[in-house]
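Summary of structural features
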Amino acid sequence: MERPAGTARRAAPAAQPRPVARPLGWLVPAVTVGGLVPAVVLVMDALSGALGANPIQRATLQTGLLTLALLVLSLACTPARLLSARLSPSGRGWTWPARIRRTLGLLAFGYGVLHFLIYLFDHGFTLSAMAEDVVKRPFVTAGFTALLLLVPLALTSTSAAVKRLGFARWTRLHQLAYAAVSLGVLHYYWGVKKDHTPPLVVAAIVAALFLVRYLMRKPARTGRQGRRASGPTTP
Amino acid sequence: MSSPNDQRSGAEVPETTTPPAPNTRREFIRSAGLFTATVAGLGGGLELLTRRPGAGSPGVGGAEAQGADAFTLPNRPLGPYDTNEKVTPWAQSTTYNNFYEFGTDKGDPARLAASLKPRPWTVKIDGEVRKPQTVDIDTLQSWFPLEDRIYRMRCVEGWSMVMPWLGFPLGALIRRLEPTGKAKYVQFTALYDPKQFPGQRGRVLDWPYVEGLRLDEALHPLAFMAVGLHGRVLPGQNGAPLRLVVPWKYGFKGIKSIVRITLTAEQPKTTWALAAPDEYGFYANVNPAVPHPRWSQATERRIGELGRRKTLPFNGYAEQVAGLYRGMDLRKFY
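Residues numbered from 1 in each chain as written. Chains lettered and ligands numbered in written order. Predicted model: local features only at pLDDT ≥ 70, side-chain atom pairs only at ≥ 80, totals over all residues. Heavy atoms only, no water.

As annotated in an unreviewed UniProt entry, chain B is Protein-methionine-sulfoxide reductase catalytic subunit MsrP from Deinococcus koreensis. Reading the Subunit (unreviewed entry) entry of the UniProt record for chain B gives the comment "Heterodimer of a catalytic subunit (MsrP) and a heme-binding subunit (MsrQ)." (UniProt positions renumbered as here; feature names shortened; annotations may be inferred.)

In the annotation of an unreviewed UniProt entry, chain A is listed under the name Protein-methionine-sulfoxide reductase heme-binding subunit MsrQ and assigned to Deinococcus koreensis. Per its UniProt entry, chain A bears the Subunit (unreviewed entry) comment "Heterodimer of a catalytic subunit (MsrP) and a heme-binding subunit (MsrQ)."

Have a look at this one:
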């Protein structure tokens, strides 16, 4: 499913005078498989009893962390590309981060859904209990909203959707990811009883990624109109 | 790739539609290698970042704990305070612990408990008592006949266990100390020693851990001092050598590894009530009607079960202890 976009985008550099000897065809499949490894390990852990005395809680925690980790990775793609372009002598930088961004984002969404399903299972699939939680507890509200924000992003993750929406509108829509990750970090912070170091580390990473975007938004695009378009990318 | 030909004749490359065979094979092997490396790197990296193998997996708790799995309680009639609910197995009750002195992860206590040396151990008794003294733990526990108590334990986090404690009633100890007329509360202090408690090297909580009870709560026959579990000496991760058990309150009230007992006129400033007063009150009675700010307390998961069960007021001990709180607003005094 990732292939068409990848190959389409690859066609451009291939036609340029410098033929690239690395097709990178392995990249997206590798990221997909690598990203699914924790899901497989989780299932194996659950079956072997390695999740310990409170397996539901373990699985909830791990899928939550995976969601956040993959979301942060997907949001690191653009800053990584921008930084690499700035640092490379040719000014071209890496292209691969852009190619795995969608895969990472979809994996994050997948783990987010899994996290939510385990939470629902934990509450016996009683929607009233869930609704009460969402309304009454900011900790749950933040996490639930973050997941809701990811739904339209997952639905418009196809190349067809980019075409249908137009790149500018699609980009604006996908800036919801900034809100989602911020709410995700808040959810993580509120969920920790004591020792807030890990959520603060994640918050610092996210802040650093936002900062890179902000500082480098001008060189982000070539051409004048791009400058205007990149304005709203700043959170 | 290193051949100058490649670079020089870049423009001609598209003309040859199929690259030479050896190149394809080399390319394939290279791609396969990069594929594998990426899968391993991303998969492994995510595992390292997020996986917390649960306590209770084989090996945790040591060989001694494994052997103890086979241990069963001696057949004896249930006592007046015992529950007949299924007892949580040793393997789970000794590997799934909140004991922040060792670390915030529930597996930390079992993993690190060997650093705690429960003998020799002394307990200092002071404050509003006629017999202040410092007493060796073996002497202290020899004062009382040890008895079994099978109690439900409800953690504030929403899980519960059934624990077969071994120990003596706290009331018996308090009476032996002869409280003065000024004594209104009992304050317990846990060991502070970062050499034995690696978790105390950070300031996750304000060490040492302090807990407390009102004197009438402490004198209630359910309030218990445990020195054993499952008929065995209390393991380090469960609070060796001496811990408090107050079954109608959330588990964090049951302070572990006690070194000091002080009778006071003032309500003690307890660790969790200082750390997060809006979440953990001094009374901390199990109350399904008063939610934690982040979760409901209406239900709980009994360790070993997948579903949830309804939480009972005072953890099912309402009949015995509700009278202690007559006239109090337990939403305010949570």
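Continuing now.
When the UniProt feature table is mapped to this numbering, "domain: Ferric oxidoreductase" (unreviewed entry) covers residues 63-184 of chain A. Taken end to end, residues 63-184 of chain A is 85% helix and 0% strand, and its first and last C-alpha atoms sit 12 Å apart. (Helix = DSSP H or I, 4+ residues; strand = E, 2+ residues; numbered from the N terminus.)

With that settled, the discussion passes to the packing of helix α3 (residues 55-87) of chain A against helix α9 (residues 176-191) of chain A. Geometrically, a packed helix pair is captured by the angle between its two axes and the distance between the axes. Residues and elements named next belong to chain A. Running from amino to carboxyl end, α3 crosses α9 at an angle of 145°, the nearest separation of the two axes being 10 Å. For the element pair α3 and α9, the recorded crossing hand is left-handed. Residues Leu 65, Leu 68, Leu 71, Val 72 and Leu 75 of α3 lie in contact with α9, whose contacting residues are Ala 177, Tyr 178, Ala 180, Val 181, Gly 184, Val 185 and Tyr 188. Among the residues making up the contact of α3 with α9, the classes are represented as eleven nonpolar, one polar and no charged. (Axes fitted to C-alpha atoms, helices over the stretch in contact; angles between N-to-C directions. Left-handed = near helix turned anticlockwise from the far one by under 90°. Contact = heavy atoms within 4.5 Å. Nonpolar A, V, L, I, M, F, W, Y, C, P; charged D, E, K, R; others polar.)

So, about the interface of chain B and chain A. Taken together, the contact pairs 46 residues of chain B with 44 residues of chain A. It is Leu 46, Thr 50 and Arg 294 of chain B in chain B that bury the most area against chain A; as a group they hold 17% of the surface buried on that side. On inspection of chain B and its partner chain A, the count reaches five salt bridges. The tally of links from chain B across to chain A stands at eleven residue pairs in polar contact (both at pLDDT 80 or more). At the level of elements, α2 (21-50) and α9 (271-275) of chain B are the ones that each hand at least two residues to the side of chain B that touches chain A. The element best represented in the side of chain B that touches chain A is α2 of chain B, accounting for twelve residues. Residues of the side of chain B that touches chain A, tallied by class, amount to 22 nonpolar, 13 polar and eleven charged. (Buried area = accessible area lost by both parts, 1.4 Å probe. Salt bridge = Lys/Arg side-chain N within 4 Å of Asp/Glu carboxyl O. Polar contact = N/O pair within 3.5 Å; in protein donor to acceptor, adjacent residues only side chain to side chain.)

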